[in-house]
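Per-entry structural report
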Amino acid sequence: MPTELQDDIRPAGFRETVDAAIERSAAALFSRQREDGHWVFELEADATIPAEYILLRHYLGEPDDPKLEAGIGTYLRRRQSPEHDGWPLYHGGAFDISATIKAYYALKMIGDSPDAPHMARARAAVLKAGGAEAGNVFTRIQLALYGAGPWDVVPTIPPELILAPRWFPVHLTKISYWARTVVVPLLVLCALKPRARNPRGVLVDELYSGRPARLTSQAVHVDRGWKLFFEGLDFALKRGERLWPGSLRRKAIRLCEEWVSERLNGEDGLGAIYPAMANSVMMYDALGYAPDHPVRAIARLSVENLLVAKDDEVYCQPCVSPVWDTALAAHAMLEVGSDEALARAGRALDWLGPRQVLDTAGDWADQRPDVRPGGWAFQYNNAHYPDLDDTAVVAMAMDRAADRRGGADEEAIARAIEWVEGLQSGNGGWGAFDADNDKEYLNNLPFADHGALLDPPTADVTARCISLLAQKGEPLDTPRMKAALAYLEREQEAEGSWFGRWGVNYIYGTWSVLCALGRAGIDRDHPMIVKAADWLKAIQNADGGWGESCDSYALDRKGHEPAPSTASQTAWAVLGLMAVGEVASPAVERGVRWLAANQAADGLWGQEYYTGGGFPRVFYLRYHGYPCYFPVWALARYRSLRQSNTDRVDWGM
């Protein structure tokens, strides 16, 4: 399968081009490293987060900030699509009614006239799509909190859910970490039904079509039988809500409050993600906490820490990604291999080391109480919610640098491996935050119309865990490794690719798995590898790059649809092919040439397209770091393998 390598088959001009591209991009990454050794790049979602931030300020009745509102207004207007007049979930994406409702409401809240052309177009698009009645559950809750929509079209979510026994089919431990942290403060809000201060008295009656709203989800993932069951359950809960004993409700609300306060996470916020952080602030407000109360004040500060201001625009990030960015940039530095690059990787690992969670048994321990903590979180701090993906990537970087660091990270790597091994799910794979978080029936709950309530094992996270174990010498015939590889074999698509849960999408998943299979020493003639490599070559764009749209998450996807080449996806494809012996293939050379030719003047690569996954079909991410460190990683690996005249990867992801 792999093309045989030959000595010096590339012209000197091409080698010089690659060398120059690596030097420029490495220097650009050097300049972006913080003084303490870490990297953090912007993390951008859709218009929903900055719109909700504006609504939060007006919910709380905070003082006007004209400059801030003007900056967010400029950002939101720029993001409005000229093609469908609404707001998409990602660059160039289709109209999304919930994002459009919130963006419209936020712009009206800061003073945009409903008669302004951009507002009139957005309003017409909302009404054409069914009006505000057609928004998703979380949009309906947002509107209801302002009195801008009725509560009776919001599925009943009783706070007594927190009192349910573990065996109960709907239990907090059975849903994902992000859903848990968002829902618990929301239980209090939905029970108390507070009213936003909304000092300007802004409503959006003009967005309603007058048609009856459907209470339960019409999403394509919903099973008809479960839908009917939960419709009946919601009907019963709504009719019986007044019958709940007052003492039981007060107890449930108090337990929700305590649950949030225990996990508040300082100025990094509940779950370190915007929706949970904002809900915690509104919950404390509804419970009567004064703005200067230490708990409410720190929760409110956590939201402010997500703002990004530049030029005349401001937006709010969904969270921050310093551990992920730093670990991946460290891998790129280790690949570059110059003295300065290695020194900077060492500083990054020094910064990462103390952020390993060693003393907090987070929510993951509900499923694995006998496992010692040992993971890293995605954000600066999020001790209750470390994840397997970050942990594997950090530990692999530490292991790659072990000889240079004199074994300084040996204990950290051992604890990481212990934690990773302990969180393997029963089907052989790994989820991102929990083990066995795979109760699919829960995605049919009326308040789960986004279809993203769970954190099941996925191929990309599993691949990262396999890569770590293989890098540390785990044999292929151990029960753990056999189960993990069998899981990957089951998950491979008929076309040869793998689904990428946390990156877009099949290119990301296939890169992840090929790196794991190559690192584990799977024979390159294995059908899994042959099919995957052939698929990557077959979908390469004519310009030499690779691209894939967020549309690939559609449940009715029939196969790969061409999309413009991006720097991050091209780098993934090149890295994946090289991991299984394709370093000398024409496809890899074309990919390398595309990266070199599309490098920007600042030494990095521009990329507006979203290649990060949040929740498939619901929430996507633009990692500003992805077109910075992945391309230099791919170029530097290509150079290393060509110079060593070998097609075997013996280190790293």
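Since we're looking at a predicted model, the values are computed, not measured.

Secondary structure assignment for the chain yields 23 helices and 5 strands. Taking 2.2 N^0.38 as the reference for a compact globule, 653 residues should give roughly 26 Å; the C-alpha atoms of the chain span a radius of gyration of 25 Å, in line with that estimate. Projected onto its principal axes, the C-alpha positions of the chain cover 75 × 55 × 50 Å. Each of the 653 residues in the chain was classed as buried or not, and the buried ones make up 62%.

What the rule picks out here adds up to 38 salt bridges. The partner of glutamate 62 in a salt bridge is arginine 300, with the nearest N and O atoms 2.6 Å apart. Here arginine 300 lies in helix 11 (residues 294-304) and glutamate 62 lies in the loop between helix 2 (48-60) and helix 3 (66-79), a separation of 238 residues in the sequence. Of the residues examined, arginine 300 reaches a relative accessible area of 11% and is grouped as buried. Shared partners join several salt bridges into a network, and the residues in it are Arg180, Glu262, Arg263, Asp363 and Asp434.

Take the environment of glutamate 160 next. Mapped onto the elements, glutamate 160 comes out in the loop between helix 6 (137-145) and helix 7 (177-192). With relative accessibility at 7%, the residue glutamate 160 sits in the buried group. Spatially, the C-alpha atoms of glutamate 160 and lysine 251 are 8.3 Å apart, while their sequence positions differ by 91 residues. Those residues within four positions of glutamate 160 in sequence are excluded, and the remaining contacts are Trp244, Leu248, Arg249 and Ala252.

We now examine the environment of arginine 200. Inspection of the secondary structure assignment puts arginine 200 in the loop between helix 7 and helix 8 (224-240). Exposure remark for arginine 200: the relative accessible area of 35% places this residue in the partly exposed category. Taking C-alpha positions, arginine 200 is 34 Å from glycine 246, a pair spaced 46 residues apart along the chain. Not counting the four nearest positions on each side in its chain, arginine 200 is found in contact with His58, Asp64, Glu69, Met109, Ile110 and Gly111. At a separation of 3.0 Å, a polar atom in the side chain of arginine 200 contacts the side chain of aspartate 64.

A word on the packing of aromatic side chains. For the structure shown, the criterion picks out 33 aromatic pairs. Each ring, one from tryptophan 572 and one from tyrosine 626, has its centre 5.8 Å from the other, and the planes form 80°; the classification is edge-to-face. Placement of the pair is tryptophan 572 in helix 21 (residues 567-579) and tyrosine 626 in helix 23 (residues 626-644), with a sequence separation of 54 residues. Like tyrosine 626, tryptophan 572 is buried. Cluster of aromatic residues (ring-pair linked, three or more members): Phe41, Phe378, Tyr508, Trp511, Trp572, Tyr623, Tyr626, Tyr629, Phe630 and Trp633.

To continue, consider the packing of helix 3 against helix 4 (residues 97-109). Closest axis-to-axis distance for the helix 3/helix 4 pair is 10 Å, and the angle between their directions is 145°. At the point where helix 3 passes helix 4, the crossing takes the left-handed sense. Here Gly73, Leu76 and Arg77 of helix 3 lie close against helix 4, whose contacting residues are Ala103, Ala106 and Leu107. By residue class, the composition of the contact of helix 3 with helix 4 is 4 nonpolar, 1 polar and 1 charged.

Per-residue confidence for the chain averages 92 on the pLDDT scale, and 93% of its residues sit at or above 70. Across residues 1-9, where pLDDT falls below 50, the model places 27 contacts with residues more than four positions away in sequence or in other chains.

Here we come to helix 22 (residues 586-597). Under the 1.5 Å per step criterion, the end-to-end length of helix 22 is 16 Å for 12 residues, consistent within 8% with the ideal 16 Å. Buried within helix 22 we find Ala587, Val588, Glu589, Gly591, Val592, Trp594, Leu595 and Ala596.

A few words on the sheet that holds strand 4 (residues 612-615). Ordered in space as 1-5-4, the 3 strands form an open sheet in which the pairing is antiparallel. Two strands in the sheet have a free side with no partner beyond their single neighbour: strand 1 (43-44) and strand 4. Where strand 1 and strand 5 (residues 619-623) come together, 2 bridges link them in antiparallel fashion. Within strand 5, the residue paired with glutamate 44 across the bridge is arginine 622.

As a further point, take unusual backbone geometry. Unusually for a residue other than glycine, alanine 272 sits at a positive phi of about 55°. The topology assignment puts alanine 272 in the loop between helix 9 (246-262) and helix 10 (274-286). One non-glycine residue, aspartate 436, lies in positive phi territory at about 55°. Of note, aspartate 436 is situated in the loop between helix 16 (410-422) and helix 17 (459-471).

One can find arginine 355 in the loop between helix 13 (339-352) and helix 14 (388-400). Considering only alpha carbons, one finds arginine 355 and asparagine 382, 27 residues apart in sequence, at a separation of 9.6 Å.

Looking now at the packing of helix 4 against helix 5 (residues 117-128). Think of two packed helices as two axes; the pair is described by the angle between the axes and how far apart they sit. Contact geometry for helix 4 and helix 5: axes closest at 10 Å, N-to-C directions at 145°. Read as a crossing pair, helix 4 and helix 5 show a hand that is left-handed. Facing Ile97, Thr100, Ile101, Tyr104, Leu107 and Lys108 of helix 4, the residues of helix 5 in contact are His118, Met119, Ala122, Arg123 and Val126. When its residues are assigned to classes, the contact of helix 4 with helix 5 shows 7 nonpolar, 2 polar and 2 charged.

Definitions and limits used
- Residues numbered from 1 in each chain as written.
- Predicted model: local features only at pLDDT ≥ 70, side-chain atom pairs only at ≥ 80, totals over all residues.
- Heavy atoms only, no water.
- Helix = DSSP H or I, 4+ residues; strand = E, 2+ residues; numbered from the N terminus.
- Rg over C-alpha atoms; globule rule 2.2 N^0.38 Å.
- Buried < 20%, exposed > 50% of the residue type's maximum accessible area, 1.4 Å probe, protein only.
- Salt bridge = Lys/Arg side-chain N within 4 Å of Asp/Glu carboxyl O.
- Contact = heavy atoms within 4.5 Å.
- Polar contact = N/O pair within 3.5 Å; in protein donor to acceptor, adjacent residues only side chain to side chain.
- Phe/Tyr/Trp six-rings, centres within 6.5 Å; stacked < 30°, edge-to-face > 60°.
- Axes fitted to C-alpha atoms, helices over the stretch in contact; angles between N-to-C directions.
- Left-handed = near helix turned anticlockwise from the far one by under 90°.
- Nonpolar A, V, L, I, M, F, W, Y, C, P; charged D, E, K, R; others polar.
- pLDDT = per-residue confidence, 0-100.
- Expected span 1.5 Å × (residues − 1).
- Pairing = 2+ DSSP bridges.

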